Amino acid sequence: MAGNAWRSTVSRIMGAVKSQTQPRTFSRGMQTVTIIPGDGIGPEISTSVIKIFEAAKVPIQWEERNVTAIKGPGGKWMIPPEAKESMDKSKIGLKGPLKTPIAAGHPSMNLLLRKTFDLYANVRPCVSIEGYKTPYTDVDLVTIRENTEGEYSGIEHVIVDGVVQSIKLITEEASRRIAEYAFEYARNNQRNSVTAVHKANIMRMSDGLFLRKCREVAENFKDVKFTEMYLDTVCLNMVQDPTQFDVLVMPNLYGDILSDLCAGLIGGLGVTPSGNIGANGVAIFESVHGTAPDIAGMDLANPTALLLSAVMMLRHMGLHGHAKKIETACFDTIRDKKVLTKDLGGNSKCSEFTAEICRRVQDLD
Amino acid sequence: MATRYRISFPHIIFIHTRCDQRGSVVLCEMGLSGVRLQPLCVRSLSLTASQNATLESPPARADSTFKVTMVPGDGVGPELMTAVKEVFKSGDVPVEFEEFHLSEVQNMASEEKLNEVLTSMKNNRVAIKGKIHTPMEYKGELASYEMRLRRKLDLFANVVHVNSLPGYSTRHNNLDLVIIREQTEGEYSSLEHESVSGVVECLKIITREKSRRIAKFAFDYATKKGRSKVTAVHKANIMKLGDGLFLQSCAEVAELYPKIKYENIIIDNCCMQLVQNPYQFDVLVMPNLYGNIIDNLAAGLVGGAGVVPGESYSAEYAVFETGARHPFAQAVGRNIANPTAMLLSAANMLRHLNLEYHSNMVSEAVKRVIKQGKVRTADLGGYATSVEFTRAVISNLSA
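Position numbers for residues count from 1 along each chain, tracking the sequence in the order it is written. Numbering of ligands from 1 and lettering of chains from A proceed in the order in which they are written. In keeping with the model being predicted, local features are shown solely for residues with a pLDDT of at least 70 and side-chain atom pairs are shown and tallied solely at 80 or more, while totals for entire chains, interfaces and linings include all residues. With hydrogens and water stripped out, all remaining heavy atoms of the structure feed into the side-chain values.

1. Here we look at unusual backbone geometry
As a rule of thumb, non-glycine residues mostly have phi less than zero, and peptide bonds are mostly trans rather than cis. Residues and elements named next belong to chain B. In this structure, Asp154 takes a positive phi of about 55° despite not being glycine. Working definition: helices are DSSP H or I runs of at least four residues, strands are E runs of at least two. Numbering for both runs from the N terminus. Here Asp154 is to be found in the loop between α3 (145-153) and β7 (157-163). Notably, Asn354 is not glycine yet its phi reads approximately 70°, a positive angle. Looking at where Asn354 falls in the secondary structure, it is placed in the loop between α8 (340-352) and α9 (356-372).

Put into structure tokens, the structure is as follows:
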């Protein structure tokens, strides 16, 4: 087991060495984006997003791909080669919800994608949506979560019957990488501070290492304020006053919990965008809700989550003008409350909601 | 005058034998039937009530005060303990405190001190304590003093009562949750090593025995307090073996309690549901780390770390403290800490010692002060100092 950990660490370090860290510059021409519609309500909401982007005249060419796992040579499960090629070429992807396979024999698709493209950072900006009331107003924070190691390394053993040991792995390399991404994100998006969330008073060596790396990286980014806070203090303060937080960076498990907590503050997974950043400049933006098989095909789905993820994608690509237009149109529609899907409190259809946003986008031109 | 059998876990929490003034013995039994009786400490039934028959401590005074170990801890702990002592003095509560100052950050910690505290605890069996802060730098030992205390006394269950305070409204009102957390294993096992330079491994241990024990505690607690539902919180979709074992143990124990509804929920969904709709939960049971997160989250829902009481149980001992454990070092000396949590926890301690009258007196006084709203500390939006709040509670005691 330690051998595997060592080998994967070495490959990770080699991958990081080979990766380019410069931001991509995009030409004025059409940019290709791989779109993975997904299952359940995935195809409907992807169509909505494509329609809205057309109405906004965004210079994007969509390439649709399927990522159902297939068995490659050597018996290892992998994503279809066309999908991989398309992603490697375009470097940007938009993904709808994927069905979790039970007894299909292969691991979850999300895990496969993460391993294939080394998606090490999960970014979830949580902004309160005007018009969709929750007890928490004025939330405006971003959670950045390390996505490859930590408690989710999947290394578990049964020592004796009735005693199980799970290993949480923290490496210098991954911690440094995520810290650097967090500070760069803060700088590029005009955020004021980065807070490292940890439990180094209990897990003194592992979270201690994570914290040390964050502190080292903070030295190189003097324009961004760096603070550190215990996980329990963050939880305590988050539910009392979420406005005190800006960018949060943390290892895998805490990130999973905190990002879902913050999604709950603004209204749930149906309105939360999310992006995964990988090595080699790959970025896949996705909606984190489920496939909702009970309403699939009935034109009742809410495309907001996927739409906001697509807006995040536009910002990542540098198309800020288009991003602002689409985001404003979406928020205005929700604020007006005249045309809303069922989960937002109205009773319009998905196509009506989409048409309304398209209309507003064209009006904004 | 009461003497007690304390029955070992797992079947029931208390059996009392009361000896009243006329010397007749009344047995009142709480809990489930079909019980194994294993008296852990046999106390003599006598009218000059000696607290315990062991040779280690001197006999109690004739007016039968209870002896309780007190460890003020760090940060605002000492200030909160002063508040408790003052309130107890004014209320004529028959409790005597044995104080020990154990602190890692102030270099007042050593093996001998720890052993003194343990001996005192073993004699008195009930303690009230503040948070002993764990510094981030470690010299040699990875386990902090607080963790070692917990392990030596085997305080495996931490219970936090999350109740909305009447008169103080937050975003979610009328909450009534109980959070039960396994405190001795899981992620806090302090087993870490650097296998290769730059790669650190931290072990999370889950055992069937401890998972069963905490599950049984949770269901027994729910039965005793008349609760209807127990929800297990886990992440077994990712940590299939570890949390899978915890979940399996909970399910096995749940079958023994057909009257109590059992559910389970994944930790991230649980956090999301707690901020959107916390009323769907009743009693929550979970391993160590998730417990830390949910304790603090739930405390934040009703008003913060200053208002939530908590306690830790082992089969033989009970330690009363605040629910969300923070030393709150920024408030030291500024007289702004909120004594509510510690006072409510002290009231719970009095109930545990069977001093029902005094327990109600203290908790009613605290609740009355908060309801009136005139004297409130800064964390509840007021301008009063800790001392003023304590004084207000004292003046409300007799009424």
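Picking up where we left off.
2. Some details on the nonpolar core
Remark: nonpolar core denotes a set of buried residues (Ala, Val, Leu, Ile, Met, Phe, Trp, Tyr, Cys) joined through side-chain atoms within 4.5 Å. Under the scheme applied here, a residue whose accessible area is under 20% of the maximum for its type counts as buried, over 50% as exposed, and between as partly exposed, the area being computed with a 1.4 Å probe on protein chains only. In this structure, Met238 of chain A together with Phe88, Val95, Ile128, Ile180 and Met349 of chain B are the most contacted members of the largest nonpolar core, which totals 125 residues. With nine residues, helix α7 (residues 288-302) of chain B is the largest single contributor of residues to this core. The contact criterion used is simple: two residues touch if any of their non-hydrogen atoms lie within 4.5 Å. The residues contacting Met349 of chain B, other than those within four sequence positions of it, are Val68, Phe88, Val95, Phe97, Val126, Ile128 and Phe320 of chain B. Of all hydrophobic cores here, the second largest spans 69 residues; its members include Val194, Ala310, Leu340 and Cys358 of chain A.

3. So, the domain arrangement of chain A
All names here are of chain A. Partitioning chain A into structural domains gives domain 1 (30-124 + 268-364) and domain 2 (135-266). Residue ranges assigned to the domains are those given by an automatic or database domain assignment. Computed from C-alpha atoms alone, the centre-to-centre distance between domain 1 and domain 2 is 25 Å. Listed as interface residues are 15 residues of domain 1 and, on the opposing side, 17 residues of domain 2. For the domain 1 and domain 2 pair, buried surface summed over both sides reaches about 1400 Å², with 51% attributable to carbon and sulfur atoms. Buried area is a sum: the accessible area each of two parts loses on coming together, probed at 1.4 Å, counted once for each and added.

4. Quick word on the interface of chain B and chain A
The interface of chain B with chain A comprises 58 residues on the first partner and 54 residues on the second. Taking both partners together, chain B and chain A bury about 4800 Å²; carbon and sulfur atoms supply 65% of that area. The term salt bridge refers to a side-chain nitrogen of Lys or Arg lying within 4 Å of a carboxyl oxygen of Asp or Glu. On the surface where chain B and chain A come into contact, there are two salt bridges. What qualifies as a polar contact is a pair of N or O atoms within 3.5 Å, subject to a donor-acceptor requirement within protein and to the restriction that residues adjacent in sequence count only when both atoms come from side chains. Here chain B is connected to chain A by 22 residue pairs in polar contact (both at pLDDT 80 or more). Along the lines of polarity and charge, the residues of the side of chain B that touches chain A split into 29 nonpolar, 16 polar and 13 charged. All amino acids are sorted into three groups, where Ala, Val, Leu, Ile, Met, Phe, Trp, Tyr, Cys and Pro are nonpolar, Asp, Glu, Lys and Arg are charged, and the leftover types, Gly among them, are polar.

5. Observations regarding the confidence of the model for chain A
Any region with low pLDDT has predicted coordinates that should not be read closely. All names here are of chain A. Residue-level confidence of the predictor is summarised by pLDDT, bounded by 0 at the bottom and 100 at the top. Confidence along chain A averages 86 in pLDDT terms, with 90% of residues attaining 70 or more. At the level of individual helices and strands, chain A shows its lowest average pLDDT in helix α1 (residues 2-18), which scores 55, and its highest in strand β12 (residues 247-250), which scores 95. Note that residues 15-25 has pLDDT below 50 and, in this model, eight contacts with residues that lie over four places away or in other chains.

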